[in-house]
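As a plain string of letters, each chain reads:
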Amino acid sequence: MSTFFAPALVLLFQEATAGRADVMLHSVKNPDLSKFLVIGALLFVIGVAGVLTRRNIIVIFMSIELILNAANLNFIAFSRYLQDTGNVNAVAGQVFTVFVIVVAAAEAAIGLGIVIALYRNKETIWIDEIDLLKW
Amino acid sequence: MVLSGWEAVFFWVFAIAAIFAGLLTVMARNAVHSALFLISSLLAVAALFVLLGAEFIAGVQILVYVGGVMVLFLFVIMLVNVGAEERGGQVLNKPRQVTVSMVFCLLLVLGLLFAINVGYKGLQTRDEKAIASAQALRQGQQQDLHRGATRTSRITTDTERVGNSLYRFASLPFEIASVLLLVAIIGSVMLARTLKQEAAVDDLAPDVVAAEAARDPELAETPPIS
Amino acid sequence: MHRYIWLIPLLPLAGAAINGLLGRKFRFSEKLIGSIAVGTIALSFLLSLAAVYSYGFSNNSIWPKPYVTSEDGAFSFTWIPGGAVHITAGAAERSQQETERLSRESQPGTPAAPPDEHAAEPARGALLNVEWSYQLDALSSIFILVVTGVGLCIFVFATGYMHGDPGFYRFFAYMGLFMFSMLVLVMGSNFLMMFVGWEGVGLCSYLLIGYYFSKKEAGDASRKAFITNRIGDFGFALAIFGVIATFGTTQYTDVFTQAKGYPLELLGHWGILSWIALGLFIGACGKSAQLPLHVWLPDAMAGPTPVSALIHAATMVTAGLYMVTRTNVIFQHSRTMMLVVALVGAATAIFAATIAITQNDIKKVLAYSTVSQLGFMFMACGVGAFVIGIFHVMTHAFFKALMFLGAGSVIHGMHHEQDMRRMGGLRKYMPYTYMTFLAGWLAICGIIPFSGFWSKDEILWNAASTSVIPYGWLVWLVGTIAATCTAFYMTRLMALTFWGNYRGDKDAQGHGHADAGHGHGAHTPHESPPSMWIPLAVLAVLATVGGLVGIGPAFKSLTGSEHPGGRLNIVNYLDPIIWNAQTGEFGKSHEGGEEAHGAESAATSSPTEHTEGGTPSASLPHAPAASHTLTLAETSAEALGSHTAAEWLFIVISLVVATFGILLGMLFYVRRPELPDIWARRLKPLYEASYNKYWVDEFYGLTVTRRVMDAARIVFTFDSKVVDGAVNGSAWLTKLSSKLTGATDKYFVDGLVNAIAAFIMRLMSPLLRAAQTGFTQNYALVMVLGLVAAVALFFAGDILSAVKSIFASVWVFSFWS
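Residues numbered from 1 in each chain as written. Chains lettered and ligands numbered in written order. Predicted model: local features only at pLDDT ≥ 70, side-chain atom pairs only at ≥ 80, totals over all residues. Heavy atoms only, no water.

**Q** In this structure, what is going on with the pattern of salt bridges? I would like to understand it.
**A** Pairing between side chains becomes possible if they bear opposite charge and their charged atoms approach one another. Residue and element names in this part refer to chain C. What the rule picks out here adds up to 17 salt bridges over all chains. A salt bridge links R230 to D233; the shortest N-O distance between them is 3.5 Å. Separated by three residues within a single helix, R230 and D233 lie in helix α7 (residues 216-247), roughly one turn from each other. What makes R230 partly exposed here is its relative accessible area of 42%. Relative accessible area serves as the criterion here: at 4%, D233 is assigned to the buried category. R713 is paired through a salt bridge with D710; the nearest N and O atoms lie 3.1 Å apart. (Salt bridge = Lys/Arg side-chain N within 4 Å of Asp/Glu carboxyl O. Helix = DSSP H or I, 4+ residues; strand = E, 2+ residues; numbered from the N terminus. Buried < 20%, exposed > 50% of the residue type's maximum accessible area, 1.4 Å probe, protein only.)

Shown next as structure tokens:
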């Protein structure tokens, strides 16, 4: 099997990277908008994974904050990019970020209020123990 | 908006830090650790904001997000979470849920990266000329900025621009956001009241008071305010 | 003035409406009701007088032309507008007449016939327009005078007779309605209006006979009257249909103009006009109580006496006569029907007269007398003397109404005792009633110069001398015998009621006033109040002198002409409406039409639209004598030597038989009162037959009534068993099928549905339930799945091309190893 696939993979890598190593190095040395977007995407996915995986309600909330943060990063990166390319509405990204932060704060407040009320009633912070909607 | 030189270095440092902190947030066993790691992630992202030239937003992030929201988180963790892990309890969900989540997250990340790849290529082809002239533009802009008091750096116009937009073109959303915050405050206060507090302001139905008073004798003694 | 004849029927109707609708509601007093009723009739009478004078006797009189109110727009209402009617009937007759005419022309000796314009017209479509308009001509003028005049007397009488009755207003409302219907009947200008009036008087007869509706016999009698009338109406309606089909119109003027031109239907030939005449005569039989349909009239005496006087003596029963005389054209065209009419009339006359001999109720005697006199009138019409029939109608109205009112006065005075056996000697107690009744008695017996003599004598003379039908002598003989019986039973009535000694309440006289519960006030009979005997007096005067308008030809030597008085003589006056078979035109109906006196000159102007001036040499076939045997009159004329002598002979014969009847009656009931019982025993079968009215009612009951009820019972059984059985059976079947389908639905269909639903539920429920975990992160997972799908979809094309390129390169490079 490996004799079958290995040369293919090597050739793939060669094909993929032929002449591209310089480009890649250059892009690493001079990070561009795309890098920011990738960072944002990664943070986003990490947040999603946290939401889906953890049992602690508070940690889930914090993962949601991560998601929001990743979105903010995206906004700011694009705002800067648009500034540079001459778009007049470039500052809209930053303005939107402000609002995202506001909403995140409000949501965190309410959410944590709910958590406290929930804790008072059920004495638990594990999310899989709060399943009243189960059939 | 290509970063170069030391800015690139700092970019990579803070980027890796943010991702790392984020990972640890999700993976930490202790909730307080999670909160602290989140704080550091937020700080790293704020630094990235500065690198992107959005200083005001960076400040707002640190003040509001870290200083307000995360502190609130820590308070609530202290209120409800202390000892939860000690009493035992798994960090992660059931294995099936975790595996499926991982699969989806993998797919999601692949999709997002692919999307960014394709989209960025398209963006580049569209804005070639603009990108080329952006550099020269930026250089020119940099020269026009005022110098700071210590004459080492220049005062950027970012805050000025954001303020202009926020209070002129986006004033309506601004007002709505303030109302939203008001509602959130009132809501959270209401949600987090104890029974005693509710009885004190006569916000409970009499039968509920009676039912609770059977369990909690102190409640019956609390006189209503009116 | 004759333009206002439309008011004549309207006034009684208005009076009836006011009395009927408002009389009870506003509690009119008897005086008010009476004055409204009498007032409207009096107004009608005065209007009739004025109209008839203006029509017939004034300076611009229209007589003999009939006056129809639609002619100058005085009153006309299009009742039934338009409708095409294709005339088909009579076409064969018309063509037959043409061929006859042509064949006669080819015979030697007959003069060349000028083309006859008023002969057959080809069959054509026509619009049937029926209008509501009134016609004033000689016939209707006599009738309106008689109806309103005698009606006025009777109304006045009724205000006294019905005094104290709680239904006073109702009585006069019905009477007013009757007057309206009768006047529409006689004044209508077409057959349909006559039919409306016909039915109306039938209805009012029903209402009035059954006036005392709480008595069973009144209800039975009114129903009998109405149903018997109805049987006659059926024939009449068929005749009207025939008229419409044959002539295309119902207006008298048009129908008779057309009917003139039809060929004569001799004895034994039966054509369309005979059919129509048959239908009309059946109607007349029903209305005028002729032989098979006479049964209702005696029973109708259950109504109040003024009703009997008005309806069953003077007016309603004469409607049949009016109709026959009005359509005399049609009857005269049908010789067979004339014979039928004469024979039926004669049979009825003798039949009823023999029954009246033995009856004990005063009103029943008068009722049978009416039937008998009506028979006389139809006899007159049957032998061709239509005018004399109408003359007898008039005189009969006078003396019969007089006698009925007199009987009413007697009954009133006797406190509603009607049996003659308990009366007697009333001439002492009720002098006015007696004297007026005397006049009526003499009139009906036919004693000269009272009115009855003139008309009855003429009838008998015409029966003897008729050339229209054979067997005239038989009709004369039967009529003479009936006249004898009439005199006999009327004398009997007089004797039992007025002569002799008072036989009433003999038992009660001994008791004194102890039996107050009988309801008799005073025991002695008393005279009626003036409101009752004054009309009697008026009618008595009329009964005495009323006949002078019809002095006959026998008195030519005394009076100077066959029918003296010109237009005032009823025979001359009515002449224009009688069709003359000799000339084919109206007028000159008396034989030997060569008189050229003033009356005739007026009659020469043809009343019809075809102004041909009836020349004797018309192209129509001459009306041949029904047979070539000589009539009785001709025989006696030969024997005696002159026509006049024969007439005088017959007058003498009728006077002799009348006197004989009177003397016989006096013998039996005044001189030797034991004779009636002796003879009744000797002739027991005849007596029983007469007393039981020849068992006609029982016969009808057995054959007709009971059989109809049996049929009704059969039909009812059929309906209840078969039809209802079928309905119930189908209902039962429906219930059964519904039960079956219900069971099928419940067990089979619902079972299937439940099974399928249960199967699906068992299958899917755990699967679907599994989605509801209550675990928030599961829901979040689904959201992320959606996000992934969205991203993938958005970039689907690019993803696919990238994958393809990867696999392409892999595939290509795999060959290198």
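**Q** Would you explain the packing of aromatic side chains in this entry?
**A** Pairs of aromatic rings are described using the distance from one ring centre to the other and the angle between the two planes. All names here are of chain C. In this structure the tally under the stated criterion is 40 aromatic pairs over all chains. For the pair F699 and Y700, a centre-to-centre distance of 6.2 Å together with 40° between the ring planes defines the contact as tilted. Taken together, the ring pairs in this structure connect F155, F168, F171, F172, Y211 and Y212 into an aromatic cluster. Just above the ring of F376 sits the side chain of K456; from NZ or CZ to the centre is 5.3 Å. In this arrangement the basic side chain of R682 is found over the ring face of W679, its NZ or CZ atom lying 5.1 Å from the centre. (Phe/Tyr/Trp six-rings, centres within 6.5 Å; stacked < 30°, edge-to-face > 60°. Lys NZ or Arg CZ within 6 Å of the ring centre and 35° of its normal.)

**Q** What's the story with the interface of chain B and chain C in this structure? I'm lost.
**A** Quoted interface sizes are often the accessible area lost when the parts come together. In this complex, chain B contributes eleven residues to the contact, which on the side of chain C involves 13 residues. Roughly 1100 Å² of surface becomes buried between chain B and chain C when both sides are summed, with 81% attributable to carbon and sulfur atoms. Looking only at chain B, the three residues that lose the most surface to chain C are Q97, F104 and F114 of chain B, adding up to 46% of its buried area. There are zero salt bridges connecting chain B and chain C. Taken together, the links from chain B to chain C amount to two residue pairs in polar contact (both at pLDDT 80 or more). (Contact = heavy atoms within 4.5 Å. Buried area = accessible area lost by both parts, 1.4 Å probe. Polar contact = N/O pair within 3.5 Å; in protein donor to acceptor, adjacent residues only side chain to side chain.)

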